[in-house]
Amino acid sequence: MSLILCYFGNNGAIILGDRREMFFRGNEEKRKELEELLYSGEIKSEEELRKKAEELGVKIIIEDKRRKVWKIKNVVVGEVRSLGLDAKRRRVYATKRKAKILEILNDQIIGEKNLEGFSIIIFSNKFIKEEINKYLKEYYRVLPMKRIDEVGEIFKEIYKKVSWHPTLSEEFDVEKTDKEEEDFEEVIEEDVKKLFEYREELKKKLVDFGKVMDIVNRIVKNGEIGEVKNGKLHLFDDYIAVDSIKPNPKTYKVIDIEGAEDGDIIVIENGEMKVKGKDKKVNTNYIIIKSW
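In what follows, the accompanying structure is described. Keep in mind that what you see is a predicted model, and the values were worked out from it rather than measured.

Remark: helix H1 (residues 28-39) packs on helix H2 (residues 46-56), axes separated minimally by 10 Å, with the N-to-C direction vectors making an angle of 155 degrees. Here H2 runs roughly antiparallel to H1, going by the angle between their axes. Handedness of the H1/H2 crossing: right-handed. Of the residues in H2, those in contact with Lys30, Glu33, Leu34, Leu37 and Leu38 of H1 are Leu49, Lys52, Ala53 and Leu56.

The subject of this paragraph is H2. If you check which residues of H2 are buried, you get Leu49, Ala53 and Leu56. The buried residues of H2 all sit within an arc of 65 degrees when viewed along its axis, so they share a single face. Away from the buried face of H2 by more than 90 degrees, exposed residues Glu47, Lys51, Glu54 and Glu55 are located. Against strand S3 (21-25), H1 and strand S4 (59-63) lie the buried residues of H2. Remark: Gly57 follows H2 within two positions and exhibits a positive phi of approximately 75 degrees.

Our next topic: the sheet that holds strand S10 (residues 119-123). Strand order in the open sheet made by the four strands is S10-S1-S2-S11, with antiparallel pairing throughout. The strands lining the two open edges of the sheet, one partner per strand, are S10 and strand S11 (172-177). Strand-to-strand, the axes of this sheet are offset by a mean angle of 10 degrees, without reference to chain direction. Of the pairings in the sheet, the one linking strand S2 (residues 12-18) to S11 comprises six bridges and is antiparallel in character. By the bridge assignment, Asp18 is partnered in S11 with Phe172. Helix-sheet contacts for helix H3 (residues 126-136) involve strand S1 (4-9) and S10, and the interaxial angle to S10 is about 155 degrees. Contacts from helix H4 (residues 148-162) reach S1, S2 and S11 within the one sheet, and its direction differs from that of S2 by about 25 degrees.

Each aromatic ring pair is characterised by the separation of its centres together with the angle its planes make. Overall, the coordinates contain three aromatic pairs when judged by the stated rule. With 5.1 Å between their ring centres and 65 degrees between their planes, Tyr252 and Tyr286 make a pair best called edge-to-face. Separated by 34 residues along the polypeptide, Tyr252 in strand S15 (residues 251-252) and Tyr286 in the loop between strand S19 (280-281) and strand S20 (287-290) bring together distant segments of the chain. With a relative accessible area of 27%, Tyr252 lands in the partly exposed category.

Each value, and the rule that gives it
Residues numbered from 1 in each chain as written. Predicted model: local features only at pLDDT ≥ 70, side-chain atom pairs only at ≥ 80, totals over all residues. Heavy atoms only, no water. Axes fitted to C-alpha atoms, helices over the stretch in contact; angles between N-to-C directions. Helix = DSSP H or I, 4+ residues; strand = E, 2+ residues; numbered from the N terminus. Parallel < 35°, antiparallel > 145°, perpendicular 65-115°, else oblique. Left-handed = near helix turned anticlockwise from the far one by under 90°. Contact = heavy atoms within 4.5 Å. Buried < 20%, exposed > 50% of the residue type's maximum accessible area, 1.4 Å probe, protein only. Arc of directions from axis to C-beta. Pairing = 2+ DSSP bridges. Phe/Tyr/Trp six-rings, centres within 6.5 Å; stacked < 30°, edge-to-face > 60°.

Have a look at this one:
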């Protein structure tokens, strides 16, 4: 988790988000140890983080490309997420005088909190929250009396004071509004609907990708695959032919073949199709794979 910092009140709503994403690979216990050191504030820089990760045998990937805040009409939105076996998301939607926080697990809203009046919302690890709260203390009472642009400048200055921490990127994004969204609930409902539609499409693509990879892994590289009868190749029981590599190809047990005669046994050797015992290459427009 990195940082989402949001304010809403009578003067509008503003949200700031960093861009960093971090991925850990390795032994689960070692990963947890590294994360505890990182989120407690003991690790002070990216250099220290990489050094400690190497000591623990944990591979770490750091990217600063993800935009975590956006704006829909007069609603500012921010999200932090954790992707693994389950997709866990925490979103805040804010407009002038009100906000809503959603907890989302995969394709289901599992928690919801409505806020009104004015407030500051922070999504981050415990250490970053404590650091930001230290700097925010002097501003709590005056934020509602400032223009929303001025609130933004305060947020930017505070961010610069904590951005040394290795969970945060140097660059950040800000969205703001000084108006109240009349269709606040409808905007949220539509945005969550788009998320679920996106996840459904993504799941379909992953299923299709799995089907394609299964076909690729079944392509025959070596073996006797069939016999030529009446000018066509009749495949043995362990093999089928497909017209192309795609999620749901057409399949065949008897296919056209060029360069072979009736009675020939067709083999594949190192990916090349030949007549057995004749070193004679043959051709077909189909791909031979092992049967399912």
